[in-house]
Amino acid sequence: MNKLNSIILASATIFLWLLMINCSKKNVPLTMPEDNTPKDRIEKLLQEMTLDEKIGQMTQYNGFWDATGPVPSGGDSKWKYDHLRAGKVGAVLNVSGAENVRKMQEVVVKESRLGIPLLFGLDVIHGHKTVSPIPLAESASWDLEAIKQSARMAAIEASARGINWTFAPMVDISRDARWGRVMEGGGEDPYLGSQIGKARVQGFQGTDLSAHNTIAATAKHLAGYGFSESGRDYNTVDVGTSTLYNVILPPFKACVDAGVSSVMNSFNTLNGVPATGDHFLQRDILNGRWNFNGFVVSDWGSIKEMIDHGHAADVEDAAIKAVNAGSNMDMESYAYVNHLKKAVEEGKVKIEIIDDAVRRILRIKEKLGLFDDPYRYCDAAREKELPNHKDHHATALDIARKSIVLLKNEDNTLPLSTSQKGIAVIGPLASDKNSPLGSWRFGSDDGTAISVLEGLDAQNIAYQYEKGAELITKETNFLEEVRINETDKSGFDAAVQLAKESEVVIMVLGEHGFQSGEGRSRTKLDFPGVQQDLLEQVHAVNPNIILVVMSGRPLVLTWAEENVKAIVQTWQLGTQSGNAIADVLLGNQNPCGKLPMTFPRSVGQIPIYYNTLKTGRPGPIDLVFWSHYIDESNAPLYPFGYGLSYTTFKYSNIKVSKQADTDAGFVKVSATLQNTGKKAGREVAQLYIRDLVASVARPVKELKGFQLVELDANESKSIEFTLSKDDLSFFDNDGKLIFESGKFEFFVGGDSNADLKESLEIE
Ligand code: BGC
């Protein structure tokens, strides 16, 4: 053989060798054969996958590392990249940006054997670049369409930045404002929480998950996380079955019925079993009774935390318990990647369990359209155009205006006239462009919220401003605890002097954006730091105060309720915060929000919620032996569902009738709602029921319907609610939905104290 022939032969061998490698590495996108259904594609893939690759799909890594390649010093990115190439990763979180995502997706698609695309998850909680109000605030709008649009907008922005999966909505019901994560949920009521959860899922996922601007949603945290004892995050949860079935689980079920793609389990134990290892919650209820066909992702590190809970001996044990109990994907415990293979080989985990998990995960990838186009969410043009789009700012402003709740308005202090002279603005949060963004603000840029001062400026309102005090002493990022100013009152004198010289004082007080959210539990629900003192000193010289409360949770506003003229609860309203607040203060927007959580008079009343059981000694009686406090009333400061308007509403003429025996139209309740004031306004008309006698005692009131009613001054409308048989049923202690005949009461009104009532005996 001459030299040339040798070269030709060698080249041919190399070519063939390369060809073989390329064939064995199926370079995706995997194309679907014409006659194949998506299901076939998944089954085919499952047959081809090695055990390592299957476990890889069940593994999610955090991606705080440079997606473009270089290994950061001391970083662990190299082995993570090796794992990507080896097909040992199914999803990542916290990687965003169309280019970053594309590059990482390319590694998997082009370099791993089967090229199965990654899921890119992120906490898109309330908006993305454009930030909407925190979820608790949005819930105060009771406006399901606006909530859906806000989630839609978030999905459009996030999907333009490479994200295809969000860890939202959080549907944990909570009755405890000490728990910092109440800001992230829908409040205390299971009915409202279910409606809101469903609206958010529909907003994120749209009608076609494979569209480039819809993302997979996650209902979290299954289950009971909002009932953490004493409001301390991650703490034990111990609830009875009636509360579990009737209060905690319904919003998850609503999300499942709305087609939510994934469910995240939770950090807490529920009745002694860590939720992550809870077979009953994940397999019996979620997959079994509810027929859920998406997948379950663990919470961050919650698999290995089962060791700390005293439920697993080591990480391997934790992995086995979690996977068998129904946790399909491991977020950041490294439990599955390191231990599942051996567990399967030793017969401790059946291969069917693995296959089921992988099938569920692949199915969502399929629905997202990732197999057809793994780069569907990586479009530089969309990324340039959509985040912070002006239409999105309009969406954010709309829901921010609707989320504000007017708590007090003595002497019609509000709205302020545009010609009002002598306005002072006082308080550290008035000029803050950061706090209104809340603590889940991954997609946004610091300092991008419109402040209250900017909102007033935009409306050409003349005012003078004194900060009075710093709320915090150091601006921190979301991983740190903020340092509260407990001592520095050096700004008080100037503020008090300004108040003295002014006609009206707008005081903007509350919590910093990083004082609520995950890990931010509080024992005191006052204004942190020196703010209450500032309020009282200003009040001493000028009681004509309009208090604007920015907070991520209900605060105890008892002193303020007794002393100031007007109180406006503005939560953390996102990018458009200041504009929305100015609109309400000046009457361009008639406030229409209603509280999704009860506001306590004092912390000692917590947990406090409207849908309580009655107790055997409801009182009041002349003796001391009834269910009460000797130092505080039982009543909240502001009840669930409460919120004032610049006009007034009157409910009358309630009628209840039994309809056909069909499930859907079982009972009809109607009433007349009149706007008795001088301005047009919107009322959230609420329907509550009480089932007077039941085998498992029912709450004194339960929300079963609500309607948003727009009324001109003096206008009346007839409102009507139709209840199904299920609406009048409840879950017994075995989790069975049952209807028990007997006497029911129906209440219609503007909050949970509604007393316009009619009863009906139902056989
Ligand atoms: C939270 C989850 C969140 C996850 C990923 C956890 O600490 O509990 O709600 O989705 O982190 O960021």
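Our structure is the block above this text.
Residues numbered from 1 in each chain as written. Predicted model: local features only at pLDDT ≥ 70, side-chain atom pairs only at ≥ 80, totals over all residues. Heavy atoms only, no water.

Trainee: Kindly report on the sheet that holds strand E3 (residues 119-122), identifying the contributing residues and their values.
Mentor: Strand order across the open sheet formed by 5 strands is E4-E3-E2-E1-E10, with parallel pairing between neighbours. What marks the edges here is a single partner per strand, and that holds for strand E4 (165-166) and strand E10 (330-331). As defined by bridge partners, strand E1 (residues 59-62) adjoins strand E2 (residues 91-93) across 3 bridges and the pair is classed as parallel. What sits directly across from glutamine 60, in E2, is alanine 91. (Pairing = 2+ DSSP bridges. Helix = DSSP H or I, 4+ residues; strand = E, 2+ residues; numbered from the N terminus.)

Trainee: Could you give an account of the nonpolar core, naming the residues involved and the relevant values?
Mentor: With 121 residues, the main nonpolar core has Met507, Leu547, Leu557 and Trp571 as its most contacted residues. Counting 46 residues, the second largest nonpolar core, distinct from the first, contains Leu46, Val297, Ala322 and Met331. (Core = buried A, V, L, I, M, F, W, Y, C linked by side-chain atoms within 4.5 Å. Buried < 20%, exposed > 50% of the residue type's maximum accessible area, 1.4 Å probe, protein only.)

Trainee: Outline the site of the ligand, supporting the account with residue identities and numerical values.
Mentor: Neighbouring residues of the ligand: Leu93, Asp123, Phe167, Arg181, Lys220, His221, Met264, Phe267, Asp299, Trp300, Met331 and Glu518. Take arginine 181: an N or O atom from its side chain is 2.7 Å from an oxygen atom of the ligand. Here an oxygen atom of the ligand sits 2.6 Å away from a polar atom, N or O, in the side chain of aspartate 299. Taking 310 Å² as the accessible area of the ligand by itself, protein coverage stands at 93%. Taken together, the residues of the shell around the ligand break down into 6 nonpolar, 1 polar and 5 charged. (Near = heavy atom within 4 Å. Polar contact = N/O pair within 3.5 Å; in protein donor to acceptor, adjacent residues only side chain to side chain. Areas by Shrake-Rupley, 256 points an atom, 1.4 Å probe, with all protein chains shown as cover. Nonpolar A, V, L, I, M, F, W, Y, C, P; charged D, E, K, R; others polar.)

Trainee: Requested: an account of the sheet that holds strand E22 (residues 702-711), with residues and values cited.
Mentor: With antiparallel pairing, the 4 strands of this open sheet are ordered in space as E22-E21-E26-E27. The open sheet has two edge strands, E22 and strand E27 (756-762), and neither has a second partner. Neighbouring strand axes in the sheet, compared pairwise and without regard to direction, differ in orientation by 20° on average. Relative to E27, strand E26 (residues 742-749) runs antiparallel, the two being bridged by 7 bridges. If you follow phenylalanine 744 over to E27, its bridge partner there is leucine 760. (Axes fitted to C-alpha atoms, helices over the stretch in contact; angles between N-to-C directions.)

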